[in-house]
Amino acid sequence: MSDKNIAIALYRPHAGKEQELHEIVREHGPALKREGLISELPLLQLEAEDGTVIEIFEWKSEEAKRQAHSSPVIWPIWERMMAVAEMTGLGSLKEAAQPFPNFRRLEL
């Protein structure tokens, strides 16, 4: 059994920080790939009605997920992200209350 798993990360931008968040998210996926932390499955970036950015990707392994938390490349990106957005969960989205929720593809 593989220890790969799919992550669904949600970032709700603070007021007036939407563009800054988009700039950070634009570099996040490529950095995870360069560091060898996520699989080759395409990274999916979406946006909820309230502006929350949703990233869906596959960690290569549990170890890769742990490594990201101490990576000198990834951790600074996450710190910048946390300065401009709230990390939130699926249940916080209006769409989550609907069967078959729909989101807009985020074009960065």
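Enquirer: Tell me what's going on with the overall build of the protein, and back it up with residues and numbers.
Expert: Along the protein, the regular secondary structure elements total three helices and five strands. Its helices and strands in sequence order give the protein the pattern β-α-β-β-α-α-β-β, from N to C terminus. A globule of 108 residues ought to have a C-alpha radius of gyration of about 13 Å, and the protein, at 14 Å, matches this closely. Taking the principal axes of its C-alpha atoms as reference, the protein extends roughly 35 × 30 × 20 Å. Of all 108 residues assigned to the protein, the portion counted as buried reaches 40%. For the protein, long-range pairs separated by at least 24 residues make up 71% of all intrachain contacts whose partners lie at least 6 apart in sequence.

Enquirer: Lay out the layout of surface pockets in plain terms, naming residues and giving numbers.
Expert: The space that makes up the largest pocket amounts to roughly 290 Å³. Lining the largest pocket are 16 residues, with A9, Y11, H69, W78 and M87 positioned closest to its centre. For the lining of the largest pocket, the secondary structure elements donating two or more residues are strand 1 (5–13), strand 3 (53–59), helix 3 (74–84) and strand 4 (85–88). Broken down by element, the lining of the largest pocket gets its largest block of residues, five residues, from strand 1. For the lining of the largest pocket, the residue count by class is twelve nonpolar, three polar and one charged.

Enquirer: Give me the lowdown on a nonpolar patch on the surface, citing residues and values where you can.
Expert: Residues I6, I8, L41 and L90 make up a contiguous nonpolar surface patch of about 350 Å² in total accessible area. Relative to the assigned elements, I6 resides in strand 1.

Enquirer: Summarise helix 1 (residues 18–34); cite the residues concerned and give the values.
Expert: Under the 1.5 Å per step criterion, the end-to-end length of helix 1 is 25 Å for 17 residues, consistent within 8% with the ideal 24 Å. All buried positions along helix 1 are accounted for by L21, H22, I24, V25, H28, G29, A31 and L32. Buried residues belonging to helix 1 abut strand 1, strand 2 (44–47), strand 3, helix 3 and strand 4.

Enquirer: Summarise the environment of L108; cite the residues concerned and give the values.
Expert: Secondary-structure assignment places L108 in the segment after strand 5 (104–105). Judged by its relative accessible area of 33%, L108 is partly exposed. Those residues within four positions of L108 in sequence are excluded, and the remaining contacts are H22, V25, R26 and Q45.

Here is what the cut-offs are and how they apply
Residues numbered from 1 in each chain as written. Predicted model: local features only at pLDDT ≥ 70, side-chain atom pairs only at ≥ 80, totals over all residues. Heavy atoms only, no water. Helix = DSSP H or I, 4+ residues; strand = E, 2+ residues; numbered from the N terminus. Rg over C-alpha atoms; globule rule 2.2 N^0.38 Å. Buried < 20%, exposed > 50% of the residue type's maximum accessible area, 1.4 Å probe, protein only. Contact = heavy atoms within 4.5 Å. 1 Å grid on protein atoms, 1.4 Å probe; cavity = no way out; pocket = protein on both sides within 12 Å on 5 of 7 lines; lining within 4 Å. Points joined across faces, edges and corners; volume = space filled by probe spheres on them. Nonpolar A, V, L, I, M, F, W, Y, C, P; charged D, E, K, R; others polar. Patch = residues over 30% accessible without salt bridge, like charges linked within 9 Å, V, L, I, M, F, W, Y side chains within 5 Å. Areas by Shrake-Rupley, 256 points an atom, 1.4 Å probe, with all protein chains shown as cover. Salt bridge = Lys/Arg side-chain N within 4 Å of Asp/Glu carboxyl O. Expected span 1.5 Å × (residues − 1).

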